[in-house]
Structure formats: structure tokens, C-alpha cells
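If you want the building blocks of each chain, they are given just below.
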Amino acid sequence: MRTPHRVDTQHLPQDRSEQPRDHSGQPRNPYDELGALDDGPLEETPLADFLGEDAERRDEREPQWSPPDHRRGGRRRRNRFAGLPLAMKAVVGLVVLAAFVALADRWALLYAEHRAADTLKDRLDLAAAPEVEIGGFPFLTQLADKRLESVKVTVPDVAADRVSLARVSATAHDIRLDADGLTSVRGAHIPRFDGDVLLSFEDLNRELGASQVTFTGEGRDRVRARGTLPVAGHDLRLRAEARIQRQGERGIATEIGGMRLDIGDLATYRPGTRPAEGLHLTAKGTADLARQTRKAKALLSVPAIVQRMGVPEATVREALADDGKLAELTGSPKFARQAERLNLIDLALDNPEVLRRLGLDPNLLDELSGLTRPVLADRLALAFELPKPEQGDVRLDDVRVEEDGIRVRVSGSGLTVGS
């Protein structure tokens, strides 16, 4: 239940003489004044006057709404730039001008490099245009002075005798031009230059090894060759070493050593006429003689072989008559050493049947007899020589074996290109 509102009469004026009175002299009832506030529309009351005055003040303080103008920011930027000091505008202009000048200089540089590459390709009869890099900045001032700080030229795949040079790179310094402008360069004088030549093992494997021999570096000045070499229908394992050294001022030479051809595990051929060279049984080949009676008897049945091995005739007769004596003879270390020193090439023509019983093809031995050291070394030669220029000097400074190939340092002076 809602409790009725109680009027606190303690704070009402108790002295009726002090209460306000109306125009007839009767005391004024305050509740009548409150009721009068409810008579008539709101805009005619004092509260409406108060609120209206406050609303007018708010209207004066708040600006009238309007749609946003997105172009206002752009005008502000232009206005701020327009307000920059004159010195700042000059700096900005110089920066822009420098950028255009640098762009023009780079364009002229690229054009000159392209023209130089085409000219070198035609004059050197190259399969492809070389890479040309002109050093120094700016280029246009160098061209106006007819002097270039440096020019680097890289030519790939250059033919040199039997092999191809993977890359020839040279840098010329302080070049003096014979020119009337960018498009009328007639020639150049090169006081000095330096560079290097790379003979890659990949090219050697393709051109000399025919995919059967692989060249790898071994130390600072040695190259190792490993692979197979076809001889009389047999693929023989090839092993050789080449020592790289300078030859004169413009060439390199190779000294082939350690050459050997392995005929399976039976014999090894080393080209040459010295006692250790020729065709010799391997340790495994001589050990087979002690286990295979047929091979041992075939070898001891040839007087020339017995004589060269130094076996007494009485011992040979006992061994041929008794298999026990034969095994004792062929199994001794002395017999193994004597058999390994025996050069089978000397016996190939006179005793082809005996060699066949040992497992050697007589046709193979005929081919090996013609495969001399010079012939085999020529097949593995890595030598080449730089061309001699018409003017100036070109020389080799250093030859070094690296992981990817043979690198040769070159230098020169007094070269003239063109007129």
C-alpha cells in the first residue's frame, strides 16, 4: 500500500500575519501558486523562459553542422608547402635536379657498357657478348675528360687449344679514350691491367675425360685423374697425376706422373721402359698362382719366364712333378716378389697362350704395348697458352689449383684497343 505524502507543517509560516496575502487581503495559499505552474502551455511558464534562454546560449556556442570537406586537408598541405622558406625550396629543387642528373649518368653508363660489349664480341669473334663494368662515378665527367677510372671485362667460355677456359676476367685501370663523345669512341689505351683465368674441372671432365675420367684438385699444384679408359674392348681403371707449372710468360704445362691402368685385380700396366714400368701382376694376381695350380704350371712351363724370374731349373722340375712342391714354391714370399717384377708385355708376342691362361687377352696386350707414356700423357694434357697481343705485354703471374679448377693470375701493360 502506498503511503500518502505527509506535508511537513513545522516549516510553514506559523504567524499568519507574516504570510503573504493576495489582492483581497486573504492569506496566499502556496499550493495555489504551485498549481498555477501547471496552467497553460509550457512556453508561457517561467521554467520555459529559463530553458529557452539556456537553449539559445547553447545555439550560440555550438556551430551549425555541415558535411565534411575532404579537400580541406589537401589545401592545407599546399598551404604549408607554400609557407616553406625560400632556402628550403631551393634545397628540395637541388635534390630533385641531382636525382635527374644521376639517372641520366646511369643511363649513359649502361649504354656505354652495352656498346663496349658488342664491340669486343665482334673484334674478338666471341660466341656471346662479354660482361663489361665501368667503374667510377660520375661517368659523364670521366667521358668528358676522356679517361676512365677502371673497366672490368668478363668473357665466358673461351677456346684455348684442346680445352675451354671457363672464365677470363680482366680489369683495366686508368684507361685513356680516343673519342669525340659517347657515340664516337674509336679506341682506348690501357696502361695496365690484371685479372685471372679459370680452367674448370667440369670442362676438363667433359672435354678430356669424355665423361669417363674425373679431374680433381690435390694440393696447390697437382691435379688427380680417376676414371676408366677403353682399350681393346676392355674398360681399364685409370689413375694419374698432373703437376701444373708455368711455361714461359704466357702458358702453363702439365707433367703427367703416376700413370697406371688396372686390368681388374690381376695386373697393372704402367707406360714406360723402366723395370718398374710395363705390365705386372698384382699382389692378388700372384696369390692366385698359389691357389690355382693350372695357372702356376702354365707360367713355369715357359723357360723364358723361369729364367727371368731366376728360379732354378731343378726347382721348377720338382714343382711341375709334385703339386705339393708346386704349392710350396708359388706360396713363398720370394716367388711372389719375383712374379710381380716380371714384365708380361715382353712375353706377350712369344707366349700368347700362356698369358691367356693367366686371364689376359693377347689383343689387350698388343694395344697396351702401343700405349706409351707420351701417348697416354697427351690424352691427359691440360696445357694452354695465352695469345700474344699485337701491342703491349701479357704474362702469367701465378698458377694455383683450387677446388673448382685451375686458376691463373694474369697481368699486362701497354695494350691498345681499336685505333
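Under the annotation held in an unreviewed UniProt entry, the chain carries the name Secreted protein and is attributed to Streptomyces azureus.

(A) Fine view of the overall build of the chain. For the chain, the count of helices and strands is 15 helices and 13 strands. Within the chain, contacts between residues at least 6 apart in sequence are counted, and of these 52% link residues at least 24 apart.

(B) Quick look at the packing of helix H8 (residues 293-300) against helix H11 (residues 323-330). Where H8 meets H11, the closest approach of the two axes is 11 Å, and the angle between their N-to-C directions is 80 degrees. Judged by the angle between their axes, H8 and H11 are roughly perpendicular. Where H8 abuts H11, its residues Thr293, Ala296, Lys297 and Leu300 lie against Asp323, Leu326, Leu329 and Thr330. Residues that form the contact of H8 with H11 fall into these classes: four nonpolar, two polar and two charged.

(C) Region of interest: helix H7 (residues 283-291). Looking only at H7, the buried set comprises Gly285, Thr286, Asp288 and Leu289. All buried residues of H7 lie within an arc of 150 degrees about the axis, which places them on one face of the element. For H7, the exposed residues lying more than 90 degrees away from the buried face are Ala283 and Arg291. Each element contacted by the buried residues of H7 is listed here: strand S10 (278-281), H8, H11 and helix H12 (333-340).

(D) Here's a closer look at the pattern of salt bridges. Going through the model one piece at a time under the given rule, you end up with 22 salt bridges. Note that Arg409 is salt-bridged to Asp196, the shortest N-O span being 3.6 Å. Pair noted here: Arg409 is in strand S13 (residues 405-418) and Asp196 is in strand S4 (residues 185-200), with a separation of 213 residues, a long-range link. Classification of Arg409 by relative accessible area gives partly exposed; the value is 37%. Among the ionic pairs, Glu218 bridges to Arg224, the shortest N-O distance being 3.2 Å.

Rules used throughout
- Residues numbered from 1 in each chain as written.
- Predicted model: local features only at pLDDT ≥ 70, side-chain atom pairs only at ≥ 80, totals over all residues.
- Heavy atoms only, no water.
- Helix = DSSP H or I, 4+ residues; strand = E, 2+ residues; numbered from the N terminus.
- Contact = heavy atoms within 4.5 Å.
- Axes fitted to C-alpha atoms, helices over the stretch in contact; angles between N-to-C directions.
- Parallel < 35°, antiparallel > 145°, perpendicular 65-115°, else oblique.
- Nonpolar A, V, L, I, M, F, W, Y, C, P; charged D, E, K, R; others polar.
- Buried < 20%, exposed > 50% of the residue type's maximum accessible area, 1.4 Å probe, protein only.
- Arc of directions from axis to C-beta.
- Salt bridge = Lys/Arg side-chain N within 4 Å of Asp/Glu carboxyl O.

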